[in-house]
Structures are given as C-alpha cells and as structure tokens.
Amino acid sequence: MEWTIAVSLIAGAILIYIVFSKDKEAIRGIYKQKGKYYYIKYVIFWIIFKLRSLRKSNSAHTGEVAGYGVKSKASVADMEQVQVLPDATQHPMAVDAVYFASSNKAGYYLVTATARRQGGMIQILTYFRVPGVGLLELPLHPNTLSPESRPLSYSASGLSISLEEPMKCWNIDFDGMLRHTETGKLHQVKFQLKWTAVGPYFDFDTDMNQWATCDSMAREKWSKAWFDELQLRHQTHYEQFGELKGQAEIEGYGSYDLSMHGLRDHSYGNIREWRDLFRYGIQYLHLEDGTNIAVGNICIPKLMSRLTMGYVITPQGQLSSVSWTSFQFDEWGDDGNPPDNMEFSFCAGGKTYNLTCTVVCKPFFFMRDRKADGSWDIDGSSSDDSSHGAKLFERMCVYKVNGVDGTGISEWCYENIPRHHGKK
C-alpha cells in the first residue's frame, strides 16, 4: 500500500510539473534547451536506441534504415568501396566523400578531401603547411567544385585518393599546382603518401554515445514530419585515426620525408545539403602519448540543434565515446568568427578531459549546393540563396589535453547566409 501511494505521489508531481511548466526559449532562437517533456522523450528514445543497438542488425540484410544502432552495409569492404551514387533525378544531392587530416609536432599539416557529387563533379580540398615554406592550397580555393578526373574515383585537380585495404590502408597521391597563400605564387607539387590505420574505426551509425544522442533528440520538438526528416537526411559516417607517411616535392623548395598522425573519414548518403548546417565545431587531435581524440558539436536546426559527438582512443587502443562536453555554441565563435584560442572539458569512458586549443592558421573555403535549376554554383556568383551552402574554416592547431601536448585540425562550419551570424 505504501509503495502504491509513493508511486501515485511521484506520478502526480510529474503531471503537475508538465502541466504548469513552460518550455524554455531556444538560445539565440536556434539552440534548443531542455523542455518540459525532455525527460520523457529522453527515456523513450533511450529505449528505441537500446533495442536497435541490441540487434546490431545490418540494413543490407533486414531492409532496416541505417543509423541509431544499425549499420549501413553488410561488411567493411562494402563500406569502404567507392559508392555508386543513386539516380540523380531522385537524389540530386547524393554524396560519397572521403577526408584525410594529418599533422605533427614539427608543424606539418596536410588536409585532403574529395566529395563525389552528381553530374560528375567533385568538391575537393587540399591544404599543405610546411615549416619554412608556409601554407599551400589548391588554386581554386576558397571555391571547391571541380570536374572529376575519372568516374567512380576520388580524384580531381591532380589529387587521387584510393583504397588499398579496407579499414587498414589508403593511398594519397598528388601531382599538380598549389598556390602559396602569402605570395600567391604557384608551385608544382608532388606527393605519394600512404595512410595506415592505428586502432579501431568509429561508426556514427552504431557507436555514438547513447546518453549524448538521447540528450540531443529529447531537446527537439517531435512530430512525424521531424522523424521523417531524420530518416530522409541520414548519412552514414565513420572515422579512423592512423599514420600518414611518404615523400613530397615542392618546386623551388626541395623534397620532404613526411611522417604524421591524423584522422580520415568516409561519408555517404542520399542527401547532403550544406545549407542545412547552421554550425559545427569539431576537433581532431593526436597527443604525444599516443591518445587520439575527436570531440565537438553539430547544429542542424531542422534535425538537432546540439548534437554532441566524439570519442577517445587510448594508446592501448581502447575506444570510449564522448558522453558530455562543456563546449557551447553561444560561448564560442557564434558571430561567425572562430576563436584563435579556446578551452573546454568533455567526458568519455567515465574520465574528464580538459582541452585547450591554439590556432596556428585557419584557411577557409566554401562548400556550395546545387541551384534551383539543378546546376552547381561553382564560384559563388549565383544570386540563388539555395546554392550558397556553407563556409568552413580548416583550423590547424596545437592542443593540450590534461597536460599532454598534441596537434591536429579543428574544422568549424557556418551557414553561408549571414542570417543569424555577424561578419562572414
């Protein structure tokens, strides 16, 4: 009897709280806060997430939509292959993209990426920072659209990225012109590099922290249309840290033996529209003790306004997902200008990490979407707002985490229409 009375009192208190409490206004009209139904939605999605995760199913076998505990492909070999883009008439914004970012304590940084899009186009990125030389970039930057060099390949503008062995080894080759960002002079550059995995990969479809994901989902206003959008706009994305080694030759400067650590990722899906992103800030870093870290937040207002992501891989290869971070969008760079120095904390595997970040340099570039008529906005000259996409800063940084030094990349993305931010 006493147990029944206690349950009734608790249920009554919860009901009174729900009836009389009010939802908090979103911070700056964008970043959702915990509403009156937050804890109920949190529990509901935790149950959904747990049921999907327990199955560890594969959509290739069951037909179930990937994500939230379900993998996208039957094997890692299928995941790693160049993905055939779907029918362009049905999915004009489909994507298949790979990204590599490496650095070392001597001050070398290399970022390369290709995103295969419909119409034989590639969104390409190459930045190469060499001590004593400076920062080199593709001549087309800050624009990124280029015709593909070969069908079904990650190649354009002299860059070629190719798989050697799934989840173990990739090759990165470049033979072309890069522009010095200070002098404007073009230099013939060649490099032949091999990326080798160190440790496990992190699949966002199955490995995201359940508590952080539930928190993100529970902040949003639920509806059938919202769940439909989550399913429609899902992209498979996975990441892996490794070593990058090889040789580079820069006209007018000489040859260099390269040895760096960093991250690579692979994303594919039926829709990637950069204009959907309001902001994200993600830090990728390798520490001198062998620890690898990814941590940050993502804001896609129509889906989730504050999705916390990340993980820590110890020198022993143990992976723990990030469950919480003090990093708040409204406290750092919300005017459209990323800070040159920042610090925040986060938790992973029951341990708290204190991170400081100092920016060495921060080149920016644009990722544009297709215009309403279906053509690509190659140079940003279009007056069609739908094609403006996003502005991204590829911040090359030095880090310190719990007293241990490291280096890496901090990629910050902003919606490229100055509707909510200040200077862009």
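The coordinates are above.
In what follows, the accompanying structure is described. Bear in mind the structure is a predicted one, so any value in this text is a computation, not a measurement.

The peptide bond linking His 141 to Pro 142 adopts the cis configuration, its omega dihedral lying at 15°. Relative to the helices and strands, Pro 142 resides in the loop between β4 (134-137) and β5 (145-147). A positive phi angle, close to 50°, is found at Asn 402, a residue other than glycine. When you line up the elements, Asn 402 lands in the loop between β19 (390-401) and β20 (404-415).

The next point concerns the nonpolar core. By size, the foremost hydrophobic cluster in this structure holds 43 residues, and its most contacted members are Tyr 99, Trp 274, Tyr 280 and Leu 392. If you tally residues by element for this core, the top one is strand β14 (residues 304-313), at five residues. Excluding its chain neighbours within four sequence positions, the residues that come into contact with Tyr 99 are Val 111, Thr 112, Ala 113, Leu 263, Arg 264, Asp 265, Tyr 284, Glu 394, Ile 409 and Glu 411. Counting 29 residues, the second largest nonpolar core, distinct from the first, contains Ala 156, Leu 159, Ile 161 and Leu 193.

On to empty space enclosed by the protein. Tallied over the full model, the rule gives two cavities of 30 Å³ or more. The volume enclosed by the largest cavity comes to roughly 1,100 Å³. Surrounding the largest cavity, 45 residues form its lining, Gln 235, His 237, Arg 272, Ile 298 and Ile 300 being those nearest its centre. Ranked by residues supplied to the lining of the largest cavity, first place goes to strand β10 (residues 235-250) with four residues. Tallied by class, residues from the lining of the largest cavity come to 25 nonpolar, 11 polar and nine charged. Of the voids in this model, the second largest cavity is the one considered here, and its volume is about 40 Å³.

By the definition in use, this model includes 18 salt bridges. Among the ionic pairs, Arg 233 bridges to Glu 229, the shortest N-O distance being 2.7 Å. Since its relative accessible area comes to 16%, Arg 233 is described here as buried. For Glu 229, a relative accessible area of 23% corresponds to the partly exposed category. Put simply, Lys 400 and Asp 405 hold a salt bridge, and the shortest N to O gap is 2.5 Å. On the accessibility criterion, Asp 405 (34% relative accessible area) is partly exposed.

It is worth spelling out a nonpolar patch on the surface at this point. Together, Tyr 37, Ile 40, Ile 44 and Ile 48 make up an exposed nonpolar region whose accessible area comes to about 330 Å². Inspection of the secondary structure puts Ile 48 in helix α2 (residues 38-55).

If you trace the backbone, His 187 turns up in strand β9 (residues 186-203). In terms of polar contacts, His 187 uses its side chain to reach the backbone carbonyl oxygen of Glu 251, at 3.0 Å. Discounting residues that sit within four places of it in the chain, His 187 has contacts with Leu 136, Gly 176, Met 177, Leu 178, His 180, Ile 250, Glu 251 and Tyr 253.

So, on to the packing of aromatic side chains. Under the definition given, this model contains 29 aromatic pairs. For the pair Phe 364 and Phe 366, a centre-to-centre distance of 5.8 Å together with 80° between the ring planes defines the contact as edge-to-face. By relative accessible area, Phe 366 is classed as buried at 14%. Taken together, the aromatic side chains of Tyr 31, Phe 278, Phe 327, Phe 329, Phe 344, Phe 346, Tyr 353 and Trp 412 make up a single cluster linked through ring pairs. Above the face of the Phe 364 ring, Lys 391 is positioned so that its terminal group lies 4.5 Å from the ring centre. Taking NZ or CZ as reference, Arg 395 lies 4.5 Å from the ring centre of Trp 412, over its face.

Further remarks concern the pairing of β10. Here β9 pairs with β10 via 12 bridges, running antiparallel. When the sheet's bridge partners are listed, Tyr 201 is paired in β10 with Gln 240. The pairing of β10 with strand β11 (residues 254-269) spans 16 bridges and is antiparallel. Directly across from Glu 243, in β11, lies its bridge partner His 261. With antiparallel pairing between neighbouring strands as the criterion, β10 and β11 make up a hairpin whose turn holds three residues, including Gly 252 at a positive phi of roughly 90°.

Procedures and definitions
- Residues numbered from 1 in each chain as written.
- Predicted model: local features only at pLDDT ≥ 70, side-chain atom pairs only at ≥ 80, totals over all residues.
- Heavy atoms only, no water.
- Helix = DSSP H or I, 4+ residues; strand = E, 2+ residues; numbered from the N terminus.
- Core = buried A, V, L, I, M, F, W, Y, C linked by side-chain atoms within 4.5 Å.
- Buried < 20%, exposed > 50% of the residue type's maximum accessible area, 1.4 Å probe, protein only.
- Contact = heavy atoms within 4.5 Å.
- 1 Å grid on protein atoms, 1.4 Å probe; cavity = no way out; pocket = protein on both sides within 12 Å on 5 of 7 lines; lining within 4 Å.
- Points joined across faces, edges and corners; volume = space filled by probe spheres on them.
- Nonpolar A, V, L, I, M, F, W, Y, C, P; charged D, E, K, R; others polar.
- Salt bridge = Lys/Arg side-chain N within 4 Å of Asp/Glu carboxyl O.
- Patch = residues over 30% accessible without salt bridge, like charges linked within 9 Å, V, L, I, M, F, W, Y side chains within 5 Å.
- Areas by Shrake-Rupley, 256 points an atom, 1.4 Å probe, with all protein chains shown as cover.
- Polar contact = N/O pair within 3.5 Å; in protein donor to acceptor, adjacent residues only side chain to side chain.
- Phe/Tyr/Trp six-rings, centres within 6.5 Å; stacked < 30°, edge-to-face > 60°.
- Lys NZ or Arg CZ within 6 Å of the ring centre and 35° of its normal.
- Pairing = 2+ DSSP bridges.

In short, the description is geometric, and any link to function would need to be established separately.
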